[in-house]
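# Examination of the molecular architecture
Chain by chain, the residues run as shown.
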Amino acid sequence: MEDTQSVSTLIDSTTSKIQQLQKAFAELESHRAITLNLKWKEIEEHFHGLEKSLKRRFHELEDQEKEFETKTLAAREMLEKKESAIVAMEQASLESLQEKRDAAIFAIAAAREKHRKISSEDPDVVTDEGQGGLPCVEEKPPDVMASESNFEEMKFSETRNVEVKSYPQLVKLCKQMDSEGLHKFISDNRKNLAAIREEIPLALTAAANPACFVLDSLEDFYRMDVPNLDGKKDSTLLGLRRTCIMLMECLSILLTNLDIVSASEVITEEVKVRAKAIAEEWKPKLDALDMDASNGNSLEAHAFLQLLATFGVQSDFDEEELSKLIPMVSRRRQTADLCRSLGLSEKMSGVVEVLVNSGRQIDAVNLAYAFDLTEKFSPVALLKSYLKEARKASSPVKPGNASPTVQNEVNERELTALKAVIKCIEEHKLEEQYPVDPLQKRVIQLEKAKADKKRVTEAAKPQPKRPRANGVGYVPRVTNIAAEKNFYPRVADNRYPQYMYERSYVYPGPNENHCPSLLGSATYNLSPGHSNYFANGYQYQTAYLH
């Protein structure tokens, strides 16, 4: 608009400019001895013509501008009308949905009231399988019967859906409250653990009391009947402990899918008292654990924290003591969600600092991203520090003085550290800040050296004797070294392809959904050199990690 006004002002001042030019032209003529052929009248007509042309073009542009503003205003009005229509449709849909919800709640309440009346008239019938399977009548107080009937009504529709799943045996075991049988079923089908994990939350709705059922499954977590057993080397006990953790996680999933009233009916005060008693029994056993030995994969600490989070009894324990347990589970895939459930987000800065000081910078980077602490703890600086410490630990060993076994171990440590750093960079998309090309070249170099040493070691082994042609006696195998040297064609350089990294678990960020995302999630897949997943020398099937 300001440009238009300035143009209009300049056009209006044209007449005064022409008059000034006329005076200058007359003065010029008076100083010339020879009369000019060009008369002032012609010049004046020329400039007046230019003035008219400019004014006409200026008015045309003004008309176009007004037309554009009119169209813009009409388009805005149309958009506002459409937005109003969409808002009205959304409001109508919300009102309709609210009406349907109110009707459903009313129907459920009526069905519960009807079921409560029926349950109060008839005694409960319980089958005692331990006494030959004969039915016996068990009288219960009216308030207990009412609460159980409410829960049965809540799970009625869900139980139907469970029966059509892939593993109906899960529903049967949950109905029977057979925790020992459930452990055995999961152990026998651990190859299909991902599918089983998806169905357990629904199957738990078939149990008369899902919370008590899960607490019953924790009975053998610490095997008191075998006091001298080394739990870290017993694969059966490790599998049992992972199953206990998974069942508590599945119960948490079930609770997140229920409303507050229904969840309170599952986790009653009696259940909380029992869960607290189990936690107090487990707590002293954690004091004997070594944080460094656990390498962030302690099943005992994970189970304890999951017990508190699932049954909501964390308020009975000191937050400072709970935060000291987080480094023991820092490499577990559920750590971030577990810390949020326990209300430890404010303590995570100190936890990350502990991890950095203990040389576990990669775990520190993962938690820093999960809790938005990257400004305080620079991921690139931590990764460089981790790699520097790994190389520094290898530097005291001089290649000339070290035995082949020691040198192999040194190279393996550096190789493992490089792979871990590259994986972390790729997970958190730090390639621009920390290029991976030099690291990948070093990985290929170490892999090639490792393969060459292995080939030399195998070649140095004594060759077995071969029989004579006539089958009598043995003669040493004579090798034509010169012939063998050129007999095989040279293998191309792609014998050592670029190392491919599997994507491991990334903690969810602070702005994501904080409900535990436990179905089909991945686990850390670091090599034993970085830190064995189970903090020991035993390896287990990947599908059974949970």
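Above this text is the structure in question.
The shown structure was predicted, so the numbers you read here are calculated from the model rather than taken from an experiment. (Residues numbered from 1 in each chain as written. Predicted model: local features only at pLDDT ≥ 70, side-chain atom pairs only at ≥ 80, totals over all residues. Heavy atoms only, no water.)

## Topic: the packing of helix α11 (residues 269–287) against helix α13 (residues 299–311)
Packing of α11 against α13 leaves a shortest axis separation of 10 Å and a crossing angle of 160°. As judged from the angle between their axes, α11 and α13 are roughly antiparallel. As α11 packs across α13, the resulting crossing turns out to be left-handed. On α13, the residues that touch Val-271, Lys-272, Ala-275, Ile-278, Ala-279, Trp-282, Lys-283 and Leu-286 of α11 are Glu-300, Ala-301, Ala-303, Phe-304, Leu-307, Leu-308 and Phe-311. (Axes fitted to C-alpha atoms, helices over the stretch in contact; angles between N-to-C directions. Helix = DSSP H or I, 4+ residues; strand = E, 2+ residues; numbered from the N terminus. Parallel < 35°, antiparallel > 145°, perpendicular 65-115°, else oblique. Left-handed = near helix turned anticlockwise from the far one by under 90°. Contact = heavy atoms within 4.5 Å.)

## What to know about the side chain of Thr-335
Along the chain, the position of Thr-335 falls in helix α15 (residues 335–341). Thr-335 gets classed as buried once you look at its relative accessible area, which sits at 2%. Reaching out from Thr-335, the side chain makes a polar contact with the backbone oxygen of Val-329 at a distance of 2.3 Å. Engagement of the side chain of Thr-335 in a polar contact is seen with the backbone oxygen of Arg-332, the distance being 2.9 Å. (Buried < 20%, exposed > 50% of the residue type's maximum accessible area, 1.4 Å probe, protein only. Polar contact = N/O pair within 3.5 Å; in protein donor to acceptor, adjacent residues only side chain to side chain.)

## Remarks on the packing of aromatic side chains
The final tally for this structure, using the stated rule, is five aromatic pairs. Here the aromatic rings of Tyr-167 and Phe-185 are separated by 6.0 Å at their centres, their planes lie at 75°, and the arrangement is edge-to-face. Separated by 18 residues along the polypeptide, Tyr-167 in the loop between α4 (142–162) and α5 (168–175) and Phe-185 in helix α6 (residues 179–188) bring together distant segments of the chain. Here the two residues Tyr-167 and Phe-185 agree in accessibility, since each one is buried. Between Tyr-222 and Trp-282 the ring centres are 5.8 Å apart and the planes differ by 70°, which places this aromatic pair in the edge-to-face class. Residue Tyr-222 is located in the loop between α8 (210–217) and α9 (235–256), and its partner Trp-282 is located in helix α11; the two are separated by 60 residues in the primary sequence. One aromatic cluster is present, formed by Phe-221, Tyr-222 and Trp-282 through successive ring pairs. The lysine or arginine in question, Arg-241, covers the ring of Tyr-222, its NZ or CZ lying 5.1 Å from the ring centre. In this arrangement the basic side chain of Arg-340 is found over the ring face of Phe-371, its NZ or CZ atom lying 4.8 Å from the centre. (Phe/Tyr/Trp six-rings, centres within 6.5 Å; stacked < 30°, edge-to-face > 60°. Lys NZ or Arg CZ within 6 Å of the ring centre and 35° of its normal.)

## With respect to the packing of α9 against α13
Where α9 contacts α13, the axes come no closer than 10 Å and their chain directions differ by 20°. Here α9 is positioned roughly parallel relative to α13, judged by the angle of their axes. At the point where α9 passes α13, the crossing takes the left-handed sense. Only Leu-299, Glu-300, His-302, Ala-303, Gln-306, Leu-307, Thr-310 and Phe-311 of α13 make contact with α9, whose side of the interface consists of Leu-238, Arg-241, Arg-242, Ile-245, Met-248, Glu-249, Leu-251, Ser-252 and Leu-255. Looking at the contact of α9 with α13, its residues break down into nine nonpolar, four polar and four charged. (Nonpolar A, V, L, I, M, F, W, Y, C, P; charged D, E, K, R; others polar.)

## Describing the pattern of salt bridges
As enumerated under the stated definition, the model contains 20 salt bridges in all. Measuring nitrogen to oxygen at the nearest pair gives 3.4 Å for the salt bridge that ties Lys-55 to Glu-51. Residue Lys-55 and its partner Glu-51 are located together in helix α3 (residues 40–121), separated by four residues, close to a single helical turn. Its relative accessible area of 9% is what places Glu-51 among the buried residues. Salt-bridge contacts for Lys-347 lead to Glu-320; the nearest nitrogen and oxygen are separated by 3.0 Å. On the criterion of sequence distance, the pair formed by Lys-347 in the loop between α15 and α16 (348–357) and Glu-320 in helix α14 (residues 319–323) is long-range, its members being 27 residues apart. Judged by its relative accessible area of 38%, Glu-320 is partly exposed. Several salt bridges share partner residues, and in doing so they unite Arg-197, Glu-249 and Arg-333 into one network. (Salt bridge = Lys/Arg side-chain N within 4 Å of Asp/Glu carboxyl O.)

## Examining the nonpolar core
Counting 98 residues, the largest nonpolar core has Phe-304, Leu-307 and Phe-311 as its most contacted members. Here this core gets 12 residues from one element, more than from any other, and that element is α9. Residues contacting Phe-311, with those up to four places away along its chain left out, are Ala-211, Val-214, Leu-215, Met-248, Leu-251, Ile-267, Val-271, Lys-272 and Ala-275. (Core = buried A, V, L, I, M, F, W, Y, C linked by side-chain atoms within 4.5 Å.)

## Overview of unusual backbone geometry
Look at Met-177: it is not a glycine, yet its phi comes out positive at around 55°. Although it is not a glycine, Lys-429 sits at a positive phi angle of roughly 55°. Mapping Lys-429 onto the fold places it in the loop between α19 (404–427) and α20 (437–460). Owing to a relative accessible area of 64%, Lys-429 belongs among the exposed residues under this scheme.

## With respect to the state of the cysteines
Under the defined criterion, the tally for this structure stands at zero disulfides. In this structure Cys-250 is a free cysteine whose sulfur lies 9.8 Å from that of Cys-174, the closest cysteine sulfur available. What makes Cys-250 buried here is its relative accessible area of 2%. (Disulfide = S-S within 2.5 Å.)

## Digging into α5
Along α5, the residues classified as buried are Leu-170, Val-171, Leu-173 and Cys-174. End-on view of α5: buried residues confined to an arc of 165°, all on one side of the axis. Met-177 sits one or two residues past α5 and shows a positive phi near 55°. (Arc of directions from axis to C-beta.)

## Looking at helix α17 (residues 361–370)
Burial runs high along α17: nine of the 10 residues are buried. Buried residues of α17: Gln-361, Ile-362, Asp-363, Ala-364, Val-365, Asn-366, Leu-367, Ala-368 and Ala-370, and no others. The positive-phi residue at the C-terminal boundary of α17 is Asp-372, with phi of around 55°.

## Let's talk about the environment of Lys-376
Among the secondary structure elements, Lys-376 is positioned in the loop between α17 and α18 (379–394). A C-alpha to C-alpha distance of 10.0 Å links Lys-376 and Glu-353, two positions 23 residues apart in sequence. At 2.6 Å, the side chain of Lys-376 and the side chain of Ser-349 are in polar contact.

## Digging into the environment of Lys-172
Among the structural elements, Lys-172 can be located in helix α5. For the pair Lys-172 and Leu-182, spaced 10 residues apart in sequence, the C-alpha to C-alpha distance is 9.5 Å.

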